[in-house]
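The primary structure of each chain is shown beneath.
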Amino acid sequence: MSRAADGPHPLTPAGLPAGDEWAQCCPACHLPIQGGSAGMTAHRRTVHTRAGDPRTPITVQLQF
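Only a predicted model underlies this, so the values are computations on that prediction, with no experimental measurement involved.

K.L.:
Tell me about the overall build of the chain, residues and numbers included.
P.N.:
Across its full length, the chain holds one helix and two strands. Moving toward the C terminus, one meets the helices and strands of the chain in the order β-β-α. Buried positions account for 14% of the 64 residues belonging to the chain. Within the chain, contacts between residues at least 6 apart in sequence are counted, and of these 8% link residues at least 24 apart. When the accessible surface of the chain is split by element, carbon and sulfur atoms take 58% of a total near 5,500 Å².

This is the structure we're talking about:
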């Protein structure tokens, strides 16, 4: 399914509504979010769902 069906998405700071921040931090998980309120809405819809956080945690072991 095409994402174009969701409507236009701001891709540059110039495309954001007045007073909307280009980069912000999610108050729930502290990840940086781009795209203003549209980006935050998309982040919440994909990451913070009722099913929980779909991301898989990884552990990286560094050897010196």
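K.L.:
Could you give me a rundown of a nonpolar patch on the surface, with the residues and numbers involved?
P.N.:
Taken together, the side chains of Ile 58, Val 60, Leu 62 and Phe 64 present a nonpolar region at the surface, about 600 Å² in accessible area. Tracing the backbone shows Val 60 in the segment after α1 (36-46). Overall, Val 60 belongs to the exposed group, its relative accessible area being 60%.

K.L.:
Which residues make up the environment of Ser 37, and what values go with them?
P.N.:
With respect to the element layout, Ser 37 can be found in helix α1. The class of Ser 37 is partly exposed, set by a relative accessible area of 41%. Considered as a pair, Ser 37 and Trp 22 are 15 residues apart in the sequence and their alpha carbons are 8.6 Å apart. The residues contacting Ser 37, other than those within four sequence positions of it, are Asp 20 and Gln 24.

K.L.:
Tell me about unusual backbone geometry, and name the residues and values.
P.N.:
The residue His 30 is not glycine, and still its phi comes out positive at about 65°. Here His 30 lies in the loop between β1 (23-25) and β2 (32-34).

Thresholds, definitions, all that
Residues numbered from 1 in each chain as written. Predicted model: local features only at pLDDT ≥ 70, side-chain atom pairs only at ≥ 80, totals over all residues. Heavy atoms only, no water. Helix = DSSP H or I, 4+ residues; strand = E, 2+ residues; numbered from the N terminus. Buried < 20%, exposed > 50% of the residue type's maximum accessible area, 1.4 Å probe, protein only. Contact = heavy atoms within 4.5 Å. Areas by Shrake-Rupley, 256 points an atom, 1.4 Å probe, with all protein chains shown as cover. Patch = residues over 30% accessible without salt bridge, like charges linked within 9 Å, V, L, I, M, F, W, Y side chains within 5 Å. Salt bridge = Lys/Arg side-chain N within 4 Å of Asp/Glu carboxyl O.

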